[in-house]
Amino acid sequence: KDVITPLEQLMVEKEGYLQKAKIADGGKKLRKNWSTSWIVLSSRKIEFYKESKQQALSNLKTGNKPECLDLCGAQIEWTKEKSSRKNVFQITTVSGNEFLLQSDIDFIILDWFHAIKNAIDRLPKD
Ligand code: I3P
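Below is a short write-up of the structure.

Each value, and the rule that gives it
- Residues numbered from 1 in each chain as written.
- Predicted model: local features only at pLDDT ≥ 70, side-chain atom pairs only at ≥ 80, totals over all residues.
- Heavy atoms only, no water.
- Salt bridge = Lys/Arg side-chain N within 4 Å of Asp/Glu carboxyl O.
- Helix = DSSP H or I, 4+ residues; strand = E, 2+ residues; numbered from the N terminus.
- Buried < 20%, exposed > 50% of the residue type's maximum accessible area, 1.4 Å probe, protein only.
- Near = heavy atom within 4 Å.
- Polar contact = N/O pair within 3.5 Å; in protein donor to acceptor, adjacent residues only side chain to side chain.
- Areas by Shrake-Rupley, 256 points an atom, 1.4 Å probe, with all protein chains shown as cover.
- Nonpolar A, V, L, I, M, F, W, Y, C, P; charged D, E, K, R; others polar.

**Focus: the pattern of salt bridges**
Okay, so step 1: All chains considered together, the criterion is met by six salt bridges.
Okay, so step 2: In this structure, the salt-bridge partner of Lys-20 is Glu-67, at a minimum N-O distance of 3.0 Å. Note that Lys-20 is positioned in strand E1 (residues 12–25) and Glu-67 in strand E5 (residues 67–70), a separation of 47 residues in sequence.
Okay, so step 3: Overall, the relative accessible area of 11% leaves Lys-20 in the buried class.

Below you can see the structure in the form of structure tokens.
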């Protein structure tokens, strides 16, 4: 397996808007609440920003941290059962956090699925 250098860890692989719903936190089920999120994928993690990229950048200065998903050992799978929406996949982290991501636009969600799956597959499982 390729070693991921510290520089690579910082590099953004993909970013953009998707619909996001966090449905579990540490294994505890949450009430589903879809919202638009600016999503930043790097080699080890995904960051979710509630706001536009501009606002996110200004929040960085004030020390406001985005929600973070650790991709090490995470699982990703398409789901039809967890939502009435089309084009939904779920990411489950080792810590028991569950996120649904969705876009109505087929190629956008497919690109994201493959980018995240590739990132997970490159990482050590533990
Ligand atoms: C939920 C809301 C979600 C819906 C969810 C509802 O209601 O309508 O959009 O998920 O369905 O429970 P509320 O806002 O009252 O919490 P989908 O859009 O993904 O279907 P669910 O309970 O079947 O997950």
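**Brief notes about the site of the ligand**
Okay, so step 1: Neighbouring residues of the ligand: Arg-31, Lys-32, Trp-34, Ser-83, Ser-84 and Arg-85.
Okay, so step 2: Within the contact set of the ligand, an oxygen atom lies 2.8 Å away from a side-chain nitrogen or oxygen of Arg-31.
Okay, so step 3: Arg-85 places a polar side-chain atom, nitrogen or oxygen, 3.4 Å from an oxygen atom of the ligand.
Okay, so step 4: With the chains in place, 45% of the 500 Å² that the ligand exposes on its own is no longer accessible.
Okay, so step 5: Split into classes, the residues belonging to the shell around the ligand amount to one nonpolar, two polar and three charged.

Any functional reading would require information beyond the geometric quantities listed.
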